[in-house]
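What follows is each chain in one-letter form.
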Amino acid sequence: MVRQWQRRRLRDPAYAEMYREHPDELVSLDCETTSLNPADAELLSIGAVKLRGNRILASEALYLLVRPERAPQTDNVRIHGLRPIDVRQGLAAQDAVRRLLDFIGGRPLLGYYLEYDLAVLNRYVRPWLGVPLPQRRIEISGRYYDYKLRQNPDAHIDLRLASICQDLDMPAPPRHDALNDAINAAMLYLALKQRGYG
């Protein structure tokens, strides 16, 4: 019902594809930003990779550098390594978001703490299209929490990414690169899917 209401408010019919879910594909998504506050964070990079069935389609990955209006905060440069000089030649944010939406289509989105990334992206999408991103969402930390809770309802569940990777016997790739983080979330999704939580 909400999706139908949103679709009627869509300002650009070229993006109606966002409302047509792909039955056998997902997109794993991650963004690096100028700050950790989604209310004012600007995009620095976007990484996304498609999944089809049990395969990560790395050859169909998307990685975009984005030119922010304000320079990244020093604390964040230490985290993601993207300096002002690195993003100076990046795409304008609106162009990057257009390319991302063309890549995603109606595929469900998955990620690790995806809510943050979508809050930042929707600050660009909503004024332009009149609606937030409508795709179904799959939160890796939530799936992992359900998986661990089923094993031991009284346990403390550590939702840090390094802890999840270690518990699922997965190598943790270099962090805070948007594409690596998107691929890592895709790998975690498949590992949980094998355990019945996909």
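Residues numbered from 1 in each chain as written. Predicted model: local features only at pLDDT ≥ 70, side-chain atom pairs only at ≥ 80, totals over all residues. Heavy atoms only, no water.

- Labelled according to an unreviewed UniProt entry, the protein chain appears under the name 3'-5' exonuclease, originating from Chromobacterium fluminis.

Details of the pattern of salt bridges
- Tallied over the entire structure, the rule returns seven salt bridges.
- One salt bridge connects R20 with E17, and the closest N-O pair in it is separated by 3.0 Å.
- In this structure, K50 and E60 form a salt bridge, with 3.6 Å as the shortest nitrogen-oxygen distance. Of this pair, K50 sits in strand 2 (residues 43-52) while E60 sits in strand 3 (residues 55-67), and the two are 10 residues apart along the sequence.
- Note on K50: relative accessible area 12%, which makes it buried.
- In the salt-bridge network here, residues are joined through shared partners; they are E25, R52 and R107. (Salt bridge = Lys/Arg side-chain N within 4 Å of Asp/Glu carboxyl O. Helix = DSSP H or I, 4+ residues; strand = E, 2+ residues; numbered from the N terminus. Buried < 20%, exposed > 50% of the residue type's maximum accessible area, 1.4 Å probe, protein only.)

As for helix 5 (residues 114-129)
- Its axis deflected by about 40° at N122, helix 5 carries its strongest bend there.
- Turning to helix 5, its buried residues are L114, D117, L118, V120, L121, N122, Y124, V125, W128 and L129.
- Following helix 5 by one or two positions, G130 has its phi on the positive side, about 85°. (Bend = angle between axes of the 7 residues up to and from the residue.)

Focus: the pairing of strand 3
- Of the pairings in the sheet, the one linking strand 2 to strand 3 comprises seven bridges and is antiparallel in character. Of the residues in strand 3, the one forming a bridge with S45 is L65.
- In textbook terms, the turn of a hairpin is the stretch between consecutive antiparallel strands, and for strand 2 and strand 3 this stretch comprises two residues, one of which, G53, has a positive phi near 60°.
- Both strand 3 and strand 4 (residues 91-92) contribute to a ladder of two bridges, which runs parallel. Bridge pairing links R67 to A92 in strand 4. (Pairing = 2+ DSSP bridges.)

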